[in-house]
Amino acid sequence: MKKKRLVILGAGESGVGTALLGKAKGYAVFVSDKGAIKEKYKEVLIHNEVEWEEQKHTESKILNADVVMKSPGIPEKVAIVQQLMQKGIPVISEIEFAAKYTNATIVGITGSNGKTTTATLTDHILKQELNVGLAGNIGDSFAKQVLEEDYENYVLEISSFQLDGIVDFKPKIAVITNITPDHLDRYDYQFENYIASKFSIAKNQTKEDYLIYDADDEVITDWLKAHPVQSTLLPFSLVKKIENGAYLEKENIIITIDNNQIIMPTSKIALEGKHNVKNAMAASTVAHLLKIRKQTIRESLENFQGVEHRLEHVLKINKVQYINDSKATNVNATYYALESMDAPTVWIVGGVDKGNNYNELFSFVNEKVKAIICLGVDNEKLLSTFGSMVDVIVETQFMSEAIKIAYKIAESGDNVLLSPACASFDLFENYEDRGRQFKDAVRSL
């Protein structure tokens, strides 16, 4: 019998993981990357005798595929992807491919913001009592873990790009943290298209499955009214009482599922800010569903250390706190960051603007921001938007210089906050690179 041909576009973490799983499952695998493949991934492909190419896409080796796994970073508009679709060849994501080869309980977490923190926190709670792997948009490839670890449970952080490539993928528990405009350049600048992409996490769910979501988010609640899902709904809220789900009452999180209730004080949560109370509600609801003991959930919320590059307190120098929030790649994430500032703030912002609307930040900028440092190749929009709101606004294209300027401006008791509200690809490799450069620059002051 002729082997089925699996072609993988993009030789990053998800691509190489899928190649290994595909080969183990009997596919003839070919990996193609338009750019240069990182050395560490090349070594894995060579060692496992997987055929690959870099710096090009050879059409004759791609268009004869039975199925194609596309890296989430590659837009559907790319010529080779369009050709595949025209030929009717399925183009799927890693989570779609890998999920077919595991019987594990899958918790899928998506949202515009908070999904990394919520996924990491959920994993942190569950692994106290369960056999669990953390994957998706985070950590080691899901496909590789299915092949090598075969965990009984998976917590997957899932981006809209990964959801765009699903057909049958169905998490037992889906979480939508929130939905705000993001990545609209990939969705024809139509917010509805982006919302629909996020909600596809629930499209294959049945009433035996669960959808946990923010009931205070009008985008989510309006969409659910117009497009009902099959799943059992478990909302969470800071402002309204919830019968089945989670809500806040007198500084306590109250979670009820089928009349089984747990109560947790928010004062003990290690993570600060209202948005993190919501992340804790979502993670705790998952844990409660999966029968984790109350005491374990409480203790896990108290000792969770948070996520790198997300409101990460780096150092205090001359009584000035330097905070790395490089993971804030959209306006809504920066909204949470500025909301949680309790001192005059020097704000470092900028990068690749994805069609940002900064209006929702105005009240915080007027109230809390004393100076703005624009760190990007093109800062025109930031300068014209915020120029009249602060006394000091400067621009630079170097992180080291941004930190030196901030050091000069900031006074005792101030914060220096890197919260870019933009993607990082103009000056940095990714948001991690940007965050590390920030930390390095602060430490060398």
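This is a predicted model, so every value here is computed, not measured. (Residues numbered from 1 in each chain as written. Predicted model: local features only at pLDDT ≥ 70, side-chain atom pairs only at ≥ 80, totals over all residues. Heavy atoms only, no water.)

Novice: Honestly, the overall build of the chain in this entry has me stumped. Any pointers?
Specialist: In terms of helices and strands, the chain carries 17 helices and 20 strands. The C-alpha radius of gyration of the chain comes to 22 Å, within 12% of the 22 Å expected for a compact globule of 445 residues. Along the first, second and third principal axes, the C-alpha set of the chain runs to 75 × 55 × 40 Å. Here the chain holds 445 residues, and the buried ones make up 56% of them. A separation of at least 24 residues holds for 65% of the contacts in the chain among residues at least 6 apart in sequence. Of the roughly 19,600 Å² of accessible surface on the chain, 47% is carried by carbon and sulfur atoms. Counting 50 positive and 61 negative side-chain charges, the chain places the centres of these two groups 3 Å from one another. (Helix = DSSP H or I, 4+ residues; strand = E, 2+ residues; numbered from the N terminus. Rg over C-alpha atoms; globule rule 2.2 N^0.38 Å. Buried < 20%, exposed > 50% of the residue type's maximum accessible area, 1.4 Å probe, protein only. Contact = heavy atoms within 4.5 Å. Areas by Shrake-Rupley, 256 points an atom, 1.4 Å probe, with all protein chains shown as cover. Lys, Arg positive; Asp, Glu negative; His and termini not counted. Charge placed at Lys NZ, Arg CZ, Asp CG, Glu CD.)

Novice: Where do I start with the side chain of Lys70 in this structure?
Specialist: In this fold, Lys70 is placed in strand β4 (residues 67-70). A polar side-chain atom of Lys70 sits 2.6 Å from the main-chain carbonyl oxygen of Ile74. Every residue in contact with Lys70, bar those within four places of it in the chain, is listed here: Leu9, Glu76, Val81, Val91, Ile92, Ser93 and Arg186. (Polar contact = N/O pair within 3.5 Å; in protein donor to acceptor, adjacent residues only side chain to side chain.)

Novice: What is the right way to read the nonpolar core from this model?
Specialist: Most often, soluble globular proteins have nonpolar side chains that are buried together. One finds Phe142, Leu156 and Phe199 to be the most contacted residues of the largest nonpolar core, which totals 52 residues. Once you skip the residues sitting within four places of it in the chain, Phe142 turns out to touch Glu94, Ile95, Ala98, Ala99, Thr102, Ile106, Ala135, Gly136, Tyr154 and Leu156. (Core = buried A, V, L, I, M, F, W, Y, C linked by side-chain atoms within 4.5 Å.)

Novice: Where do I start with the sheet that holds strand β5 (residues 91-92) in this structure?
Specialist: Each strand in a sheet pairs with another by means of backbone hydrogen bonds, the pair being arranged parallel or else antiparallel. With parallel pairing, the five strands of this open sheet are ordered in space as β3-β2-β1-β4-β5. Edge positions in the sheet fall to β3 (51-54) and β5, since each has one partner strand and no second. Sheet strands in contact with helix α1 (residues 13-24) are β1 (5-9), β2 (28-33) and β4, and its direction is about 170° off that of β1. (Pairing = 2+ DSSP bridges. Axes fitted to C-alpha atoms, helices over the stretch in contact; angles between N-to-C directions.)

Novice: Is there a simple way to think about the sheet that holds strand β16 (residues 320-324) in this case?
Specialist: In space, the six strands of this open sheet follow the order β15-β16-β20-β17-β18-β19, with mixed pairing throughout. Sheet topology places β15 (312-317) and β19 (392-396) at the edges, where each strand pairs with a single neighbour. Ignoring which end each strand starts from, the neighbouring axes of this sheet average 20° apart. Bridge count for strand β17 (residues 345-349) against strand β20 (residues 415-418) is four bridges, and the pairing is parallel. When the sheet's bridge partners are listed, Trp347 is paired in β20 with Leu417. Across the sheet, helix α16 (residues 399-409) is in contact with β15, β16, β17, β18 (369-375), β19 and β20; its angle to β18 comes to roughly 165°. Packed on one face of the sheet, helix α17 (residues 431-443) meets β15, β16, β17 and β20 and runs near 15° to β15.

Novice: I would appreciate a short explanation of the packing of aromatic side chains in the present structure.
Specialist: For any pair of aromatic rings, the description consists of the separation of the ring centres together with the inter-plane angle of the planes. Following the criterion strictly, the structure yields 13 aromatic pairs and no others. Between the aromatic rings of Phe97 and Tyr101, the centroid separation amounts to 5.4 Å while the plane-to-plane angle is 55°, which identifies the pairing as tilted. The class of Phe97 is buried, set by a relative accessible area of 3%. An angle of 85° between the planes, with centres 5.7 Å apart, marks the rings of Tyr151 and Tyr154 as edge-to-face. Of the residues examined, Tyr154 reaches a relative accessible area of 0% and is grouped as buried. Through pairs of rings, three or more aromatic residues link up here, namely Phe161, Tyr187, Phe191 and Tyr194. The ring of Phe161 has Arg186 lying over it, and the distance from NZ or CZ to the ring centre is 3.5 Å. (Phe/Tyr/Trp six-rings, centres within 6.5 Å; stacked < 30°, edge-to-face > 60°. Lys NZ or Arg CZ within 6 Å of the ring centre and 35° of its normal.)

Novice: Quick question: what am I supposed to make of the environment of Tyr336 here?
Specialist: Positionally, Tyr336 belongs in helix α13 (residues 331-339). When the C-alpha positions of Tyr336 and Asp414 are compared, they lie 18 Å apart, and in sequence the two are 78 residues distant.

Novice: What am I meant to see in the pattern of salt bridges here?
Specialist: Think of it this way: side chains of opposite charge can pair up when their charged atoms draw near. Evaluated as defined, the whole model comprises 20 salt bridges. The partner of Glu39 in a salt bridge is Lys42, with the nearest N and O atoms 3.8 Å apart. You can see Glu39 and its partner Lys42 sitting in helix α2 (residues 39-47), three residues apart, about one turn around the helix. Owing to a relative accessible area of 51%, Glu39 belongs among the exposed residues under this scheme. The exposure class of Lys42 is buried, given its relative accessible area of 13%. The closest approach of N and O atoms between Lys127 and Asp123, which form a salt bridge, is 3.6 Å. (Salt bridge = Lys/Arg side-chain N within 4 Å of Asp/Glu carboxyl O.)

Novice: Looking at this model, I keep getting lost on the pairing of β16. Mind explaining?
Specialist: Note on strand geometry: in a regular strand, side chains alternate between the two faces of the sheet. Among the five residues that make up β16, five are buried, leaving the element largely enclosed by the rest of the structure. The two faces of β16 match: Val320, Tyr322 and Asn324 on one face and Gln321 and Ile323 on the other face are all buried. Alignment of β15 against β16, held across five bridges, turns out to be antiparallel. Its bridge partner being in β16, His313 is matched across the sheet by Ile323.

Novice: Before we go on, may I ask you to explain the environment of Leu248 in this structure?
Specialist: Here Leu248 lies in strand β12 (residues 245-249). Under the relative-accessibility criterion, Leu248 is labelled partly exposed at 24%. Setting aside residues up to four positions removed in sequence, Leu248 forms contacts with Ser237, Leu238, Ile253, Thr266, Val277 and Met281.

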